[in-house]
Amino acid sequence: MPLIVMCGYPCSGKTRRAEELKEYFKQNTGRKVHVVGDGTLDVEKNTVYADSQKEKNVRAALKAEVERKVNKDDIVILDSLNYIKGYRYELFCLIKHTQTPHCLVYCLTSDEMSSTWNTERNPSEQYAQDIFDALVLRFEAPDSRNRWDSPLFTIPKDETLPFEAISDALFKRKAPPPNQSTQSQPLSSTNFLYELDKITQEVLMVIFNAQKTSVPGDLVTVPGATEKIELTRSINMAELRKLRRQFISYTKMHPTENTAQISNMFVQYLNKSLH
């Protein structure tokens, strides 16, 4: 039966929403509802998310648990960050293989609000600030134009879950056919937007990591770009994200046919904006 994939920043209300969905479906369908997530695996978040290999192992374990739970009778809710597009695509391929519908519930909050909620948690349940900041920076927001992110329900923090709409998406929609997962997709604007999002995110990660060891005046090499970032001062993440959003908005209006130019274009934009 259906899979519900939760998605959002750390401390964005995913677990609360997952519990609301669990109660709704238990009361209105009579089916068993399984919640799979970091909590069920007893994940120590500050240890796991500080180590890319440990994080990869946890994602694999969560996916394996989902695969074990998915059957013809029960509902499965995956309550985790699910912030990587490639991982959400893997889950999409899984449900195609098992011939069951799915949907994505995106708990939308600002990074400032999530950070506040994080500090209000019990100290033993908090993300360390550097881990929290890195996860927010790496977050790849879902896009309903992507097959693996659709149907998508984006839920701001103060809104009520659209229970009936989610139920209809799961029970009144056919599962995606299994033979489409390996079909080649034509080059389209969606591919360009994906590359634009991916490359600019990678550049931000390079700058974020470089600032840990650099000093003002250093030049930072960016993979895929011939030009370098000139770090004339310390740049906080809020400013970097704002500049990235501005660049993406501009580039959507003036797309380039050569995605290999995106890195250089973004580096040039940052150097101009930061001086």
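The rules behind the values
- Counting restarts for each chain: residues are numbered from 1 in the order of the written sequence.
- Under the rules for a predicted model, residues below a pLDDT of 70 receive no local features and side-chain atom pairs below 80 are neither given nor counted, while totals for whole chains, interfaces and linings still include all residues.
- The side-chain figures draw on all heavy atoms in the structure; neither hydrogens nor water molecules are used.
- Where helices and strands are cited, they refer to DSSP runs of H or I of at least four residues and of E of at least two residues respectively, numbered from the N terminus.
- Every radius of gyration here is taken over C-alpha atoms, with the globule rule written as 2.2 Å times N^0.38, N being the number of residues.
- A 1.4 Å probe rolled over the protein chains alone gives each residue an accessible area, and that area as a share of the maximum for its type sets the label: buried under 20%, exposed over 50%, partly exposed in between.
- Throughout, a residue-residue contact means that at least one pair of heavy atoms, one from each residue, lies within 4.5 Å.
- Accessible areas in this description were obtained via Shrake-Rupley with a 1.4 Å probe; residue shielding takes into account the shown protein chains only.
- The positive count covers Lys and Arg only, the negative count covers Asp and Glu only, and His and the chain ends enter neither.
- Charge positions are represented by NZ for Lys, CZ for Arg, CG for Asp and CD for Glu.
- For two strands to pair, DSSP has to find at least two bridges joining them.
- Every axis corresponds to a line fitted to the C-alpha atoms, with the helix fit spanning only the stretch in contact, and the corresponding angles, defined between N-to-C directions, vary from 0 to 180 degrees.
- Two rings belonging to Phe, Tyr or Trp (six-membered ring only in the last case) form a pair when the distance between their centres is within 6.5 Å. Interplanar angles under 30 degrees mark stacking, angles over 60 mark edge-to-face geometry, and anything in between is tilted.
- Each ring is checked for a lysine NZ or an arginine CZ that lies within 6 Å of its centre and within 35 degrees of its normal; such an atom marks a charge sitting over the ring.
- Here, a salt bridge means any Lys or Arg side-chain nitrogen found within 4 Å of an Asp or Glu carboxyl oxygen.
- Throughout, the arc means that of the directions going from the helix axis to the C-beta atoms.

1. Focus: the overall build of the protein chain
Point 1. Check the secondary structure of the protein chain and you find ten helices and seven strands.
Point 2. For the protein chain, whose C-alpha radius of gyration is 20 Å, the value lies close to the compact-globule estimate of 19 Å for 275 residues.
Point 3. Across its three principal directions, the C-alpha atoms of the protein chain cover 65 × 50 × 35 Å.
Point 4. Counting only residues that meet the buried cut, the protein chain has 45% of its 275 residues in that class.
Point 5. When contacts within the protein chain are restricted to residue pairs at least 6 apart in sequence, those whose partners lie at least 24 apart make up 76%.
Point 6. Within the structure as shown, the protein chain displays about 14200 Å² of accessible surface, and the carbon and sulfur contribution to it stands at 50%.
Point 7. For the protein chain, the separation between the mean place of its 36 positive charges and that of its 35 negative charges on side chains is 4 Å.

2. Considering the sheet that holds strand β2 (residues 33-37)
Point 1. Sheet architecture is open: five strands sit in the order β2-β3-β1-β4-β5, paired in parallel fashion. Both outer strands of the open sheet, β2 and β5 (152-156), are each paired with one neighbouring strand and no more. Neighbouring strand axes in the sheet, compared pairwise and without regard to direction, differ in orientation by 20 degrees on average.
Point 2. With five bridges joining them, strand β4 (residues 102-108) and β5 adopt parallel strand pairing. When the bridges of β5 are listed, Leu-104 appears paired with Leu-152.

3. A closer look at the packing of aromatic side chains
Each aromatic ring pair is summarised here by two numbers: the centre-to-centre distance and the angle between the ring planes.
Point 1. This model, assessed by the stated rule, comprises ten aromatic pairs.
Point 2. Ring geometry for Tyr-24 against Phe-163: centres 4.7 Å apart, planes inclined by 20 degrees, an arrangement best described as stacked. One end of the pair, Tyr-24, is in helix α1 (residues 14-29); the other, Phe-163, is in helix α7 (residues 163-171), and 139 residues separate them in sequence.
Point 3. Given a relative accessible area of 21%, Phe-163 falls into the partly exposed group.
Point 4. With centroids separated by 4.8 Å and ring planes inclined at 35 degrees, the aromatic side chains of Phe-247 and Phe-266 adopt a geometry described as tilted. Of the two residues, Phe-247 sits in helix α9 (residues 237-253) while Phe-266 sits in helix α10 (residues 262-273), which places them 19 residues apart along the sequence.
Point 5. Take Phe-266: its relative accessible area is 0%, and that puts it in the buried class.
Point 6. A network of ring pairs unites the aromatic residues Tyr-24, Phe-25, Phe-163 and Phe-171 as a single cluster.
Point 7. The ring centre of Tyr-127 lies 5.2 Å from the NZ or CZ of Lys-45, which sits over that ring.

4. What about the pattern of salt bridges?
Point 1. All told, the structure shown has 16 salt bridges when counted by the stated rule.
Point 2. Across the pair Glu-65 and Arg-68 runs a salt bridge, and its minimum N-O distance is 2.5 Å. With a gap of three residues between them, Glu-65 and Arg-68 both fall in helix α3 (residues 52-69), about one helical turn apart.
Point 3. Between Asp-197 and Lys-85 there is a salt bridge whose closest N-O contact spans 3.0 Å. Placement of Asp-197 in helix α8 (residues 189-210) and of Lys-85 in helix α4 (residues 85-98) is noted, with a sequence separation of 112 residues between them.

5. With respect to helix α5 (residues 111-119)
Point 1. Asp-111, Ser-114, Ser-115 and Asn-118 are the residues of α5 that are buried. All buried residues of α5 lie within an arc of 100 degrees about the axis, which places them on one face of the element.
Point 2. Summarising the contacts, the buried residues of α5 are in contact with α6 (129-138) and α9.

6. What about unusual backbone geometry?
Glycine aside, residues mostly have negative phi, and peptide bonds are mostly found in the trans state.
Point 1. With an omega dihedral of 0 degrees, the bond running from Ser-150 to Pro-151 counts as a cis peptide bond.
Point 2. You can see Pro-151 is positioned in the loop between α6 and β5.
Point 3. Even without being a glycine, Asp-42 presents a positive backbone phi close to 55 degrees.
Point 4. As for its placement among the helices and strands, Asp-42 is situated in the loop between β2 and α2 (45-48).
Point 5. Of note in this structure, Asn-82 is not a glycine but carries a positive phi near 45 degrees.
Point 6. You can call Asn-82 buried: its relative accessible area is 4%.

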